[in-house]
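Tertiary structure, described
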Amino acid sequence: MSTKRDYYEILGVSRSASDDELKSSYRKLALKFHPDRNPGDKEAEDRFKEAAEAYEVLRDPKKRTLYDQYGHAGLEGTGFSGFGGFEDIFSSFSDIFEDFFGFSTRRRPQTRAQRGADLRYDLQLSFMDAAFGTDKEIKVEKMETCPDCNGNRCETGTSPETCRQCGGTGQISRSQGFFTVRTTCPHCRGAGQSIPHPCSKCRGAGQVHVHKTVSVKIPAGVDNGSRLRLTGEGEPGIYGGPPGDLYVFIYVESHEFFERRDTDIICKIPISFVQAALGDKIMVPTLNGKKKLEIPKGAQAGDLFYFHEEGIPSLRTNRRGDQIIQVEIKTPTNLTKKQEALLREFADLESRKFSKKLKNILKGGASNAAN
Ligand SMILES: [Zn+2]
Ligand SMILES: [Zn+2]
């Protein structure tokens, strides 16, 4: 300990220096040797730490008395052993550094403006509303800034007072040995203010619980999992912070005939095997109502027919997908005698072609066989 420089000497003050002299002297040294101004300079770093240690001891009357009587040895065994690094110094002298360097945001961290919370609302839509878009009114339960006190939490005509416990800083200091520990003021919970007459509407909370009706414009083309953001419709901010957002999550009901695949719509239409064989003109449902579809001769089960750009608009490009008709071929049941007789006749004619092909298949020459 004998190699340590004298604290008064470090700060360049007399042994009878007042608190203000100590503070102003330390302020000058801290500014001069501040690590931000002397990046990588080891000597400046040492001087900066040395000054912090000297000031930490001399600003405390108990420690200063011990030091005056016994020198550095007087501080041994008290738990004080200087600072480990810059973090220690900055946290111990946070009030001073704020004064010095204008770190105003550090001063009352609890009263910093905070953005309100985001909210979520799950909205179920019909298939058609999702396809074409719609306007919906939704009822949202949320907190809102109290209309009576405007969020300042005081009864009309009264105002907040500086918290007496912490003097408005929102923090209280407790001494533990030679260390000073700062904690959030339990009285004002860090706000630095107390409310002598709380607003009767919100009971001093500054916010009230409301049921609010919000209009939502649903764009055409939303799908399951689409998320709409309503800016500013979330919970109100605190200490002047902006409100959060309301997110509307979309769920789309399924449709009786239409099945959605991204922006395309598929509709399965049953036709008879006769329609498939001979071709036909039929009416099919589309998003835009009934449309005529021409089935060509010889249509096969599963064939797809397209109405281009008559599907659902893309949210990104607004271009519409396709309306797709897929034919399913139904085999007739409950044939009349006459229908059965005709089919047997048809089968006799058909069997010649079939047996020729079958013969080729059985011979292993199927791929080149003409039917
Ligand atoms: Zn109120
Ligand atoms: Zn307080």
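Quick notes on the rules
- Residues numbered from 1 in each chain as written.
- Chains lettered and ligands numbered in written order.
- Predicted model: local features only at pLDDT ≥ 70, side-chain atom pairs only at ≥ 80, totals over all residues.
- Heavy atoms only, no water.
- pLDDT = per-residue confidence, 0-100.
- Contact = heavy atoms within 4.5 Å.
- Donors = N, O, S within 2.8 Å, 3.2 Å for Na, K, Ca; no water.
- Tetrahedral: all angles 85-135°; square planar, octahedral: opposite > 155°, others 65-115°.
- Buried < 20%, exposed > 50% of the residue type's maximum accessible area, 1.4 Å probe, protein only.
- Helix = DSSP H or I, 4+ residues; strand = E, 2+ residues; numbered from the N terminus.
- Arc of directions from axis to C-beta.
- Polar contact = N/O pair within 3.5 Å; in protein donor to acceptor, adjacent residues only side chain to side chain.
- Pairing = 2+ DSSP bridges.
- Axes fitted to C-alpha atoms, helices over the stretch in contact; angles between N-to-C directions.
- Patch = residues over 30% accessible without salt bridge, like charges linked within 9 Å, V, L, I, M, F, W, Y side chains within 5 Å.
- Areas by Shrake-Rupley, 256 points an atom, 1.4 Å probe, with all protein chains shown as cover.
- Salt bridge = Lys/Arg side-chain N within 4 Å of Asp/Glu carboxyl O.

Attention now moves to the confidence of the model for the protein chain. The predicted coordinates should not be examined in detail at positions where pLDDT is low. Considering every residue of the protein chain, the mean pLDDT works out to 85; 87% of them sit at 70 or more. Under a pLDDT of 50 for its full length, residues 101-109 has, in the predicted model, 16 contacts with residues more than four places off or in other chains.

Time to look at the coordination of the zinc ion (ligand 2). Around the zinc ion (ligand 2), the donor atoms from the protein are C163 (SG), C166 (SG), C185 (SG) and C188 (SG), and they sit 2.2 to 2.3 Å away. One way to put it: the 4 donor atoms around the zinc ion (ligand 2) meet at angles of 102 to 116°, and that makes the site tetrahedral. The exposure class assigned to C185 is buried, which follows from its relative accessible area of 1%.

Turning next to the coordination of the zinc ion (ligand 1). Every protein donor of the zinc ion (ligand 1) is accounted for by C146 (SG), C149 (SG), C199 (SG) and C202 (SG), and the metal-donor separations fall at 2.2 to 2.3 Å. Of note is the zinc ion (ligand 1), whose 4 donor atoms meet at the metal with angles of 103 to 117° in an arrangement that counts as tetrahedral. We note that the donor set of the zinc ion (ligand 1) lies within a single chain, spaced as C-x2-C-x49-C-x2-C. One end of the pair, C146, is in the loop between β2 (134-145) and β3 (161-162); the other, C202, is in the loop between β6 (193-194) and β7 (207-218), and 56 residues separate them in sequence.

It is worth spelling out helix α4 (residues 61-70) at this point. Note: α-helices contain 3.6 residues per turn, so residues at a spacing of three or four share the same orientation. What α4 keeps buried is the set K63, R64 and Y67. Projected down its long axis, α4 carries its buried residues within an arc of 100°, all on one side. Residues of α4 that are exposed and point over 90 degrees away from its buried face: P61, K62, Q69 and Y70. Of the surrounding secondary structure, the elements contacted by the buried residues of α4 are α1 (7-11), α2 (19-33) and α3 (42-58). Between the side-chain oxygen at the start of α4 and the backbone nitrogen of K62 there is a gap of 2.9 Å, and the oxygen is on D60. Positive backbone phi, approximately 70°, marks G71, located one or two places after α4.

This next bit is on the sheet that holds strand β10 (residues 258-261). The mixed open sheet is built from 4 strands, whose spatial order is β10-β11-β15-β14. For this open sheet the edge positions go to β10 and β14 (304-307), each flanked by a neighbour on one side alone. Adjacent strand axes in the sheet meet at a mean angle of 30°, parallel and antiparallel pairs treated alike. Sheet analysis places strand β11 (residues 264-272) next to strand β15 (residues 323-330), joined by 8 bridges and oriented parallel. Looking at the pairing, I271 lines up with I329 of β15.

Let's shift gears to a nonpolar patch on the surface. A cluster of nonpolar residues, F273, V274 and L278, forms a patch on the protein surface that exposes about 260 Å² of accessible area. Positionally, F273 belongs in helix α9 (residues 273-278).

Let us look at the pattern of salt bridges. For the structure shown, the criterion picks out 24 salt bridges. Among the ionic pairs, E45 bridges to K49, the shortest N-O distance being 3.2 Å. Taken together, the residues E45 and K49, both in helix α3 and 4 residues apart, mark about one turn of the helix. A relative accessible area of 24% places E45 in the partly exposed class. For K49, a relative accessible area of 21% corresponds to the partly exposed category. Between R229 and D245 there is a salt bridge whose closest N-O contact spans 3.8 Å. Taken as a pair, R229 in strand β8 (residues 227-230) and D245 in the loop between β8 and β9 (246-252) lie far apart in primary sequence, 16 residues in all. Its relative accessible area of 51% is what places R229 among the exposed residues. In the salt-bridge network here, residues are joined through shared partners; they are R5, E9, E43, R47 and E50.

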